[in-house]
Amino acid sequence: MSDGRIYNFSAGPAVLPEEVLREAAAEMMNYRGCGMSVMEMSHRSKMFDDIINETEQDLRELLKVPANYKILFLQGGATQQFAAVPMNLMKKGVADYIITGRWAKKAYEEAQLYGKANKIASSEDKNFTYIPDCSDLPISKDADYVYICENNTIYGTKFWQLPNTKGKLLVSDVSSCFLSEPIDIEKYGVVYGGVQKNIGPAGMVISIIREDLISDEVFPGTPTMLKWKTQADERSMYNTPNCYCIYICGKVFKWIKNMGGLEAMKAHNEKKAKILYDYLDESKLFRGTVVKKDRSLMNVPFVIGDDTKEKKFIAEAKAAGFENLKGHKSVGGMRASIYNAMPIEGVKALVEFMAKFEKENK
Ligand SMILES: *Cc1c(COP(=O)(O)O)cnc(C)c1O
């Protein structure tokens, strides 16, 4: 850490790799000799065209995206896709939702505006501290798709096994685990995520969509901008895209490639999470809130169970350079988001700080 930077455990917008920020800073005044920054250039310029093409190509390589899947860089965040998914996919007007947290629930509620959304499983009975058994769910015969939120940012759970959709299309919100590990794109119809968790600045969502699901046959009245076909036909440039965000995401993709790709990223993330979970499991003061087998590698909620001590911990942690550790209000306590760009030193330092706090606050 340098330049007065702290360890930022924010759930999103979140920490970015220092190397990426430095490169962007160096290119701010004059991007590769063109005399302007990427923020100032036309999205129709050759310069920007090269940026978006290379960004897409690098993502394709990292995730091994098959040729029959389109990659779209869209605005409106992940939340906009809560509407775009049913608008583009509900041909029979029915979809099944698995409710594992607040984001899945919001997507489910949004889908009800456009058709019949069924809740086929939920972990709300225990405040979303686990992932329900999805091996034999009552999948609707006429469902157009089955929907999950793969990593639950607020509650700290992760689907380590995808649901058995009984042949139906799987749609997954991967906002908070995007590029944290390799995934098999072919198991999904649509994978999408807001980039401000693990990839880049806020204000964009990347949707990876199987080509045959992109058509003119959409929910009546679907805005032009929300039709995936509009965006796919124009390579995400039907209107002015979030150019600067695309550029930074491209830099993060190169950073991940330099780190060794997604296998290496996964090993790095497992190592980091283990340090924190191991400590939580042996601590007599702190404890994790999630069923062990469903724990996320990215978002780690934990509590003391004493409001006064939790407030004290968060304040002292902040003073010591550990920012954004306050948990989401629906879980309480603390949450450490340890995305790709969080260095292992940050997690080690946090655990040392927690151990010290534990000693002083028995
Ligand atoms: C943050 C988050 C969202 C919302 O993202 P926006 O880009 O703010 O719309 C949706 N899903 C998950 C899993 C998230 O973590």
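Residues numbered from 1 in each chain as written. Predicted model: local features only at pLDDT ≥ 70, side-chain atom pairs only at ≥ 80, totals over all residues. Heavy atoms only, no water.

Notes on the overall build of the protein
- Assigned secondary structure in the protein consists of 9 helices and 14 strands.
- Out of the 362 residues in the protein, the part that is buried amounts to 57%.
- Counting contacts in the protein only where the partners sit at least 6 residues apart, residues at least 24 apart contribute 68% of the total.
- As presented, the protein carries roughly 15,500 Å² of accessible surface, and 51% of it is formed by carbon and sulfur atoms.
- Taken together, the 49 basic and 47 acidic charged side chains of the protein have centroids lying 3 Å from each other. (Helix = DSSP H or I, 4+ residues; strand = E, 2+ residues; numbered from the N terminus. Buried < 20%, exposed > 50% of the residue type's maximum accessible area, 1.4 Å probe, protein only. Contact = heavy atoms within 4.5 Å. Areas by Shrake-Rupley, 256 points an atom, 1.4 Å probe, with all protein chains shown as cover. Lys, Arg positive; Asp, Glu negative; His and termini not counted. Charge placed at Lys NZ, Arg CZ, Asp CG, Glu CD.)

A closer look at the nonpolar core
- Grouped together as the largest cluster of nonpolar side chains are 86 residues, with contacts concentrated most on Leu-179, Ile-206, Ile-208, Phe-286 and Phe-313.
- Here the element with the most residues in this core is helix H6 (residues 243-259); it accounts for 11 residues.
- The residues contacting Phe-286, other than those within four sequence positions of it, are Tyr-279, Leu-280, Phe-302, Val-303, Ile-304, Phe-313, Met-334, Met-354, Phe-357 and Glu-358.
- Counting residues in hydrophobic clusters, the runner-up holds 30 residues, among them Val-85, Tyr-97, Ile-209 and Ala-232. (Core = buried A, V, L, I, M, F, W, Y, C linked by side-chain atoms within 4.5 Å.)

What about helix H3 (residues 77-89)?
- Helix length check: H3, at 13 residues, gives a terminal C-alpha distance of 18 Å against a target of 18 Å (1.5 Å per residue), a fit within 8%.
- Taking the largest bend as the criterion, H3 deviates by roughly 30°, centred on Ala-83, and proline Pro-86 comes between one and four positions later.
- Within H3, 11 of the 13 residues are buried, which leaves the element mostly enclosed by the surrounding structure.
- When H3 is considered as a whole, its buried residues turn out to be Gly-77, Ala-78, Gln-81, Phe-82, Ala-83, Ala-84, Val-85, Pro-86, Met-87, Asn-88 and Leu-89. (Expected span 1.5 Å × (residues − 1). Bend = angle between axes of the 7 residues up to and from the residue.)

Structural notes on the packing of aromatic side chains
- Within this structure, the stated rule accounts for 18 aromatic pairs.
- An angle of 75° between the planes, with centres 6.3 Å apart, marks the rings of Phe-302 and Phe-313 as edge-to-face. Here Phe-302 is found in strand S12 (residues 299-303), whereas its partner Phe-313 is found in helix H8 (residues 307-319), with 11 residues between them in sequence.
- Under the relative-accessibility criterion, Phe-302 is labelled buried at 0%.
- One aromatic cluster is present, formed by Tyr-7, Phe-9, Tyr-279, Phe-286, Phe-302, Phe-313, Phe-322, Phe-353 and Phe-357 through successive ring pairs.
- Of note, Lys-126 hangs over the ring of Tyr-130, and the distance from its end group to the ring centre comes to 5.6 Å.
- Sitting over the face of the ring of Trp-160, Lys-158 holds its NZ or CZ atom 3.8 Å from the ring centroid. (Phe/Tyr/Trp six-rings, centres within 6.5 Å; stacked < 30°, edge-to-face > 60°. Lys NZ or Arg CZ within 6 Å of the ring centre and 35° of its normal.)

Section: the site of the ligand
- Lining the immediate environment of the ligand, one finds Gly-77, Ala-78, Thr-79, Phe-82, Trp-103, Cys-149, Asn-151, Thr-153, Asp-173, Ser-175, Gln-196 and Lys-197.
- One of the side-chain nitrogen or oxygen atoms of Thr-79 is found 2.5 Å away from an oxygen atom of the ligand.
- Interatomic distance of 2.9 Å between a side-chain N/O atom of Gln-196 and an oxygen atom of the ligand.
- For the ligand, the protein covers 88% of the area, taking 380 Å² as the surface of the free molecule.
- With 4 residues, H3 is the single largest residue contributor to the shell around the ligand.
- Broken down by class, the residue content of the shell around the ligand amounts to 4 nonpolar, 6 polar and 2 charged. (Near = heavy atom within 4 Å. Polar contact = N/O pair within 3.5 Å; in protein donor to acceptor, adjacent residues only side chain to side chain. Nonpolar A, V, L, I, M, F, W, Y, C, P; charged D, E, K, R; others polar.)

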